[in-house]
Amino acid sequence: MKKILAIAVLISVFSAVRAQHALFIPDTLSGTTFDLTVHKDSVQFKPGMITHTLGINANKYFGPTLLLRNGDSVSIMVHNQMGDTTTMHWHGLHVAPGNDGGPFSMIMNGMDWNPQFVVRNNAATYWYHPHMMAKTAAQAIKGDAGLIIVKDAAEAALVLPRRYGIDDFPIVVQSVELDTNNQFMPKGMVDSVILVNGTDSPYVNMPAQIVRMRLLNASGERTFNFGFTANRSFKIIGTDGGLLTAPVTATRIRLSPGERAEILMDLSGLVGQTIFLESYAAELPMGVQGGPTMPMPPSSPPMNSPLNGIDFNILQINVVSPTAAPVTTMPTSLIPDTPYPESSATAWRTINMTADSMMVMDGPFYFNHNLFDMMRIDYRIPLNNVEVWTLYDSTMVAHPFHLHDVHFYILDRNGVAPGPEERGRKDVVLIQSMERVRFIAKFTDFADTTIPYMYHCHILMHEDDGMMGQFKVGTEYTGVTTIPLNNNSIKLYPNPATDNLNIALENSLNGSPSGISIYDAMGRVVYSGSANNHLELNTTNWARGLYVLTVHYQTEIVHKTFVIE
Ligand code: C2O
Ligand code: CU
Ligand code: CU
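Residues numbered from 1 in each chain as written. Chains lettered and ligands numbered in written order. Predicted model: local features only at pLDDT ≥ 70, side-chain atom pairs only at ≥ 80, totals over all residues. Heavy atoms only, no water.

A. Main features of empty space enclosed by the protein. Counted according to the given criterion, the structure contains seven cavities of 30 Å³ or more. Space inside the second largest cavity adds up to approximately 70 Å³. Along its surface, the second largest cavity is lined by 10 residues, and Phe-367, Asn-370, Arg-376, Asp-378 and Tyr-455 are the ones closest to its centre. In the lining of the second largest cavity, the residues fall into five nonpolar, three polar and two charged. (1 Å grid on protein atoms, 1.4 Å probe; cavity = no way out; pocket = protein on both sides within 12 Å on 5 of 7 lines; lining within 4 Å. Points joined across faces, edges and corners; volume = space filled by probe spheres on them. Nonpolar A, V, L, I, M, F, W, Y, C, P; charged D, E, K, R; others polar.)

Next comes the structure, spelled out in structure tokens:
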């Protein structure tokens with residue numbers, strides 16, 4: 001195993017306070033065998049008490065970067081010395097469920113875990129972090145995470161900056177809350193400390209040439225609306241799971257927790273200048289964590305981070321002399337990539353993101369009104385199925401939805417094709433309040449009817465509170481098999497309703513619903529139509545009283561009552 005200690009940065013990263021700190025560039029591990037030891041450590045982030053952290057190998061906070069090559073057979077030994085049970089998940093890697101590091105692959109304290117797999121991913125930026133049931137936030141926010149860079153032949157054939165720490169920079173951004181004793185508050189939403197690669201108040205020297213930045217939002221809840229001083233433009237070249245077909249010129253890139261993007265920026269001729277990577281959070285819509293704070297009911301916990309809804313600096317970039325042999329041209333095309341055609345889909349599923357009421361801002365949030373249950377398999381997916389999933393957010397807050405196992409392509413947001421920067425392979429997609437997002441995915445390669453894969457909200461406190469589901473992929477599964485129809489597969493809200501009524505339908509064992517009718521107490525039809533996954537009816541002029549909703553499936557009819565007040 002080759003271990004490169006990246007450029008001159010390790011020095012005072014975690015020492016002096018207030019002053020600017022040189023950005024920590026995590027060292028890299030490459031080859032085919034890897035060792036990661038997760039251990040308890042501490043860092044002096046702020047004056048006063050030291051902050052207890054979880055370090056990996058020599059690092060006190062945040063782990064080394066794993067450099068993987070597509071096609072390699074790799075073996076990763078994870079040693080757990082953190083004093084608690086954990087797991088290690090390779091976020092975005094397409095591996096068998098037993099190697100995925102989900103909640104079932106627990107590593108007791110003092111024990112090791114040794115997944116071995118062939119790297120099947122496209123060149124892109126991925127990451128690793130624990131996935132312990134109800135403890136992901138507590139462990140990941142303390143520093144137990146790291147970057148994964150996958151390389152492949154197609155990417156290597158392009159003229160792109162790829163000298164790690166020299167013209168190709170890892171930029172992992174986290175917002176954290178420290179309590180008055182300087183300890184991490186994993187579920188804290190007053191997150192006012194911004195760390196980049198674990199460095200508080202960081203600066204980095206970048207050469208005056210085309211540079212590449214690998215952005216990862218590793219925060220527990222905050223979404224960043226990244227941009228640079230004076231709206232300097234850049235090229236987005238990659239998404240969560242690969243390079244785009246062509247670079248996209250942009251001045252902003254919004255990343256919610258778990259999302260990555262690779263960008264190129266031309267710093268030629270700017271020697272001596274200072275540019276800031278910023279979050280233009282004032283532009284984020286309300287309801288997206290980090291955007292303007294919503295008016296809150298009096299009993300709610302504090303969510304008023306001073307960074308919400310304002311523009312703030314994240315990383316100071318000092319432009320220094322160019323390196324030898326810089327990349328001097330921006331690519332005009334990258335890696336051709338075509339989404340699966342919608343006509344190839346054979347199954348459709350709907351996930352409604354819900355809460356106990358519209359007033360809920362901090363959880364618990366549900367998928368289809370269900371909390372995560374390790375004993376319940378939500379979906380059984382036939383191997384090689386091409387599926388369209390519809391995600392609808394019925395809550396007041398935005399949720400970054402993450403799918404394990406495979407990457408997906410976003411088909412549309414509220415019926416509109418996504419922007420060019422979202423047309424690539426994705427494994428996290430942010431869904432805003434009342435937004436409907438559809439994606440298409442193909443469940444290839446790994447069939448396993450014993451260990452499930454996860455899908456969940458990547459706001460870590462939502463995930464830990466149960467906003468997670470699980471699916472198995474199997475050769476013996478056929479058709480669309482979802483959880484049996486129960487009271488939860490038809491949602492009516494609010495109930496009682498006044499001015500409007502939402503009807504959310506899910507597929508059942510009997511297939512997808514074909515039509516709905518609504519009868520009043522006298523048995524008269526007051527509404528009938530085709531069954532959309534989500535329907536909002538204006539009921540302002542409906543008489544008060546009891547109504548019955550009837551939903552027709554291929555082999556059954558289901559009734560549900562509601563009241564108009
Ligand atoms: Cu980033 Cu299920 O994980
Ligand atoms: Cu993941
Ligand atoms: Cu969420």
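B. How the structure looks around the confidence of the model for the protein. Counting all residues, the mean pLDDT for the protein is 90, and 91% of those residues have values of 70 or more. Considering only residues more than four positions removed or in separate chains, one finds that residues 1–19, a stretch of pLDDT under 50, has 45 contacts. Segment residues 481–487 is flagged for pLDDT under 50; beyond a separation of four residues in sequence, or across chains, it makes 23 contacts in the model. (pLDDT = per-residue confidence, 0-100. Contact = heavy atoms within 4.5 Å.)

C. Here's a closer look at the packing of aromatic side chains. Throughout the structure, instances matching the rule amount to 26 aromatic pairs. Here the aromatic rings of Trp-389 and Phe-471 are separated by 6.2 Å at their centres, their planes lie at 80°, and the arrangement is edge-to-face. Remark: Phe-471 occurs in strand 34 (residues 468–474) and Trp-389 occurs in strand 28 (residues 386–393); sequence separation between them is 82 residues. As far as the burial class goes, Trp-389 and Phe-471 line up, both buried. Members of the aromatic cluster, connected to one another through ring pairs, are Phe-367, Tyr-379, Trp-389, Phe-401, Phe-408, Phe-439, Phe-443, Tyr-453, Tyr-455 and Phe-471. Over the ring of Tyr-280 we find Arg-252, and its NZ or CZ is 3.5 Å from the ring centre. (Phe/Tyr/Trp six-rings, centres within 6.5 Å; stacked < 30°, edge-to-face > 60°. Helix = DSSP H or I, 4+ residues; strand = E, 2+ residues; numbered from the N terminus. Buried < 20%, exposed > 50% of the residue type's maximum accessible area, 1.4 Å probe, protein only. Lys NZ or Arg CZ within 6 Å of the ring centre and 35° of its normal.)

D. Quick peek at unusual backbone geometry. Note that the residue after Tyr-493, namely Pro-494, is joined by a cis bond; omega there is -10°. Structurally, the position occupied by Pro-494 is in the loop between strand 36 (490–493) and strand 37 (500–505). For the bond from Asn-495 to Pro-496, the omega torsion is 5°, close enough to zero to count as cis. Structurally, the position occupied by Pro-496 is in the loop between strand 36 and strand 37. Unusually for a residue other than glycine, Asn-197 sits at a positive phi of about 50°.

E. Quick peek at the pairing of strand 23 (residues 274–280). Across the seven residues that make up strand 23, a large majority, five, are buried. Here three bridges tie strand 18 (residues 224–228) to strand 23, and the two strands are oriented antiparallel to one another. Residue pairing for strand 23: Phe-228 is matched across the bridge by Leu-277. When strand 23 meets strand 24 (residues 311–320), the two strands line up antiparallel, connected through seven bridges. Residue pairing across strands places Leu-277 opposite Leu-315, the latter belonging to strand 24. (Pairing = 2+ DSSP bridges.)

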